[in-house]
Amino acid sequence: MSDLTVPTPARRHLLVGGAATLAAIGLAPPSAATAGTRTGTAAAAVKTGGVPNSRLHRWAADTWHSLDAMTDPSTGLPADNIPESLAPGDRSGYTSPTNIGGYLWSAVVARELGIISAADCSRRLLRTVSTLEGMEHHEPSGMYFNWYDEATGDALRTWPTDGAKVEPFVSSVDSGWLGAALLVVANADPVAGPRARALFAKMRWDAFYNPGDGKDGHPSVRTGGLMHGGFFPFADGRPGGTYEGTHIGGEDVWLTTHHYDTIVSETRITSYLGILTGQVPGRHYYAAYRTFPRGDCNNWNWQEMQPVGETRTYLGVDVFEGAYTYRGMHIVPGWGGSMFEELMPAVFVPEEKWAPRSWGVNHPLHVRAEREHGMEEAGYGYWGFSPASDPFANYREYGVDALGMNPEGYFSDKEMTNYDAGFGDCRPGANPTPTFGDGVVTPHASFLAMMFERGEATANLIGIQQKLGAYGRGGFFDAVAVHSGTIARRYLSLDQAMVMGALGNVLGKGVLRRAFSTPEVEARLRPVIGIEEFGAGVIEE
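Everything numeric here is computed off the predicted structure, so don't read it as measured data. (Residues numbered from 1 in each chain as written. Predicted model: local features only at pLDDT ≥ 70, side-chain atom pairs only at ≥ 80, totals over all residues. Heavy atoms only, no water.)

*Asks:* What is the right way to look at the pattern of salt bridges in this model?
*Replies:* This structure, assessed with the given rule, holds 24 salt bridges. Arg 514 serves as the salt-bridge partner of Glu 112, at 3.1 Å between the closest nitrogen and oxygen. Of this pair, Glu 112 sits in helix H3 (residues 97–112) while Arg 514 sits in helix H14 (residues 511–516), placing them 402 residues apart in sequence. By relative accessible area, which is 35% here, Glu 112 ends up partly exposed. A relative accessible area of 19% places Arg 514 in the buried class. Three or more residues joined by partner-sharing salt bridges are found here, namely Asp 68, Asp 120, Arg 123 and Arg 124. (Salt bridge = Lys/Arg side-chain N within 4 Å of Asp/Glu carboxyl O. Helix = DSSP H or I, 4+ residues; strand = E, 2+ residues; numbered from the N terminus. Buried < 20%, exposed > 50% of the residue type's maximum accessible area, 1.4 Å probe, protein only.)

*Asks:* Sorry, what's going on with the sheet that holds strand S13 (residues 329–331) here?
*Replies:* As a general point, the strands of a sheet are linked pairwise by backbone hydrogen bonds and lie either parallel or antiparallel. Read across the open sheet, the four strands follow the order S11-S12-S13-S24; overall the sheet is antiparallel. Bordering the open sheet on either side are strand S11 (308–314) and strand S24 (537–538), each of which pairs with just one other strand. Pairing of S11 with strand S12 (residues 317–326), which is carried by seven bridges, proceeds in the antiparallel orientation. Residue pairing across strands places Tyr 314 opposite Val 317, the latter belonging to S12. Across the sheet, helix H10 (residues 359–377) lies against S12, S13 and S24, angled at about 120° from S13, the strand it touches most. (Pairing = 2+ DSSP bridges. Contact = heavy atoms within 4.5 Å. Axes fitted to C-alpha atoms, helices over the stretch in contact; angles between N-to-C directions.)

*Asks:* For this particular structure, what's the right way to read the pairing of strand S9 (residues 253–256)?
*Replies:* Two faces, one strand: in a regular strand the side chains alternate between the faces of the sheet. In S9, alternate side chains face the same way, and those of Val 253 and Leu 255 on one face and Trp 254 and Thr 256 on the other are all buried. Pairing analysis gives four bridges linking strand S8 (residues 242–245) to S9, with the strands arranged antiparallel. Its bridge partner lying in S9, Thr 242 is registered against Thr 256.

*Asks:* What is the right way to look at helix H12 (residues 454–466) in this model?
*Replies:* Residues spaced three or four apart along an α-helix face the same direction, because each turn holds 3.6 residues. When the terminal C-alpha atoms of H12 are compared, their 18 Å separation across 13 residues agrees well with the 18 Å that a helix rising 1.5 Å per residue should span. Of all the positions in H12, only Arg 454, Gly 455, Ala 457, Thr 458, Asn 460, Leu 461, Ile 462, Gly 463, Ile 464 and Gln 465 are classed as buried. (Expected span 1.5 Å × (residues − 1).)

*Asks:* Just to check I follow, could you spell out the side chain of Arg 396 for this structure?
*Replies:* Relative to the assigned elements, Arg 396 resides in strand S15 (residues 395–396). Salt bridges are absent for the buried Arg 396, whose nearest opposite-charge side chain, Asp 390, sits at 5.0 Å. At 2.9 Å, the side chain of Arg 396 and the backbone oxygen of Asp 413 are in polar contact. Residues contacting Arg 396, with those up to four places away along its chain left out, are Pro 387, Ala 388, Asp 390, Phe 411, Asp 413, Lys 414 and Met 416. (Lys, Arg positive; Asp, Glu negative; His and termini not counted. Polar contact = N/O pair within 3.5 Å; in protein donor to acceptor, adjacent residues only side chain to side chain.)

*Asks:* Would you mind showing me how to read the packing of helix H4 (residues 118–134) against helix H6 (residues 193–201) here?
*Replies:* The description of two helices packed together rests on the angle between their axes and the distance between the axes. Where H4 meets H6, the closest approach of the two axes is 10 Å, and the angle between their N-to-C directions is 35°. At the point where H4 passes H6, the crossing takes the left-handed sense. Contact residues: H4 offers Leu 126, Val 129, Ser 130, Leu 132 and Glu 133, while H6 offers Arg 195, Ala 196 and Leu 199. Considered class by class, the residues forming the contact of H4 with H6 number five nonpolar, one polar and two charged. (Left-handed = near helix turned anticlockwise from the far one by under 90°. Nonpolar A, V, L, I, M, F, W, Y, C, P; charged D, E, K, R; others polar.)

*Asks:* Would you take a moment to explain the state of the cysteines for this structure?
*Replies:* Here, disulfide denotes a covalent bond that connects the sulfur atoms of two cysteines. Scanning the entire structure with this criterion turns up one disulfide. Disulfide partner of Cys 297: Cys 426, at an S-S distance of 2.0 Å. With the S-S dihedral at roughly -80°, the linkage between Cys 297 and Cys 426 falls on the left-handed side. Of this pair, Cys 297 sits in the loop between helix H7 (268–276) and S11 while Cys 426 is found in the loop between strand S16 (420–423) and strand S17 (427–431), placing the two residues 129 residues apart along the sequence. (Disulfide = S-S within 2.5 Å.)

*Asks:* Looking at this structure, how should I read the pairing of S16?
*Replies:* Pairing analysis gives three bridges linking S16 to S17, with the strands arranged antiparallel. By the bridge assignment, Gly 422 is partnered in S17 with Pro 428. If you look at the hairpin formed by S16 and S17, you'll find three residues sitting between the two strands, and Gly 424 has a positive phi there, around 55°.

In structure tokens, the structure reads:
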């Protein structure tokens, strides 16, 4: 996505209406008659490829083992990462709202799959929520800073590894994943649920929302309005690319001038939360690009390729329903072309069901495209590409270059082989048929794909486990280079949480989707996203 990357030393690096509004969107405590009876649609009905569920359960149990090892028992906060040792002393020393959210939803999945008991789950959730209640955060918005010490819950002001200064930052997308987890806990656990619900009710998603009209000193953005990358709550030490202001009243903060502006992005979870709480209008969903404009030889010609498509209007917003052309398919691309961008929000929202003419087409095609890239175009013998630990360094963004608008690409191999198809008749392709090198596959990407291609994804993961050996006591290692066999022998809590989330939906009858996408949420969100028709599809000969 064309996002603001807030540097870190380690990686890439409202409710206004009171009780009535809480009840309207499903945040009021469920009654004894309805608690636990909601049903949802998951991918458990898709073909299994002949692989017994016991293998998937084993993967889930081992994955949970790594998440448990990452988590400080006194605070209930997970570390960002841990090496294969799984030793408490090897925890990273820092965590984020996304990591905390991932641990919360993973505990719900672990309970649903019988890995931990209901009592143990509630105890863990209560410990984490209790720590959150006492952690320093931006109180007017109810949002948390980007980095904390997982052993104490203290907001980091210096980096634990080198002492570099850390300026507290409130990220809209990191806040989104914590908010999603709190909503899951609110609806899935009767013990911790009320306190999780109270934390969620304080979160102001409109703190990130720029309506786009250019009023009150805020920069103009696209019709419908966009989400800021986030804001710095304190004046000292803030970097450039910010301006002073607020969208929710009270004291000013320093908002990023950057806004998230692509729809195939993990950041749409923040948009969903704003819409389902009624803090952000539904038309905001249509402000983001599907692709950048088609352009001509002088405009927008820097993007990965020239899109095809037509303009349609939804909720008063004109949308160019663009798509990229790849291997006989028209696919709506992300910024980088990774499985994470495409599918992570679908762990919580049954997008393919609620929006059958958009996500119902694009999700399966993206999975197919990643599979064909790995197995046929690049010839790796394995597939699944997403940001992860770098087997050769620290961290890198992996993806299928052709599925991303970024001309510099998220690449699928160590060599960063660049796919360049050119730009229509304006610019010939410099490398339309690349020869790829040492491909790097990321197991969590295949788990996300399992929600749509269970048999193919499971077979792929069996090969990664048995032939490439990228598996340890804590489940699949974070990434592996297929030709050299080089393995990133680390576990990242976010990536492990994506594994748990996908398995919870496949094996646990859509447990996270049921807890997040309640009938009340569906009534708010489905009418917004369900009316759209993407320009995606299989190209007819």
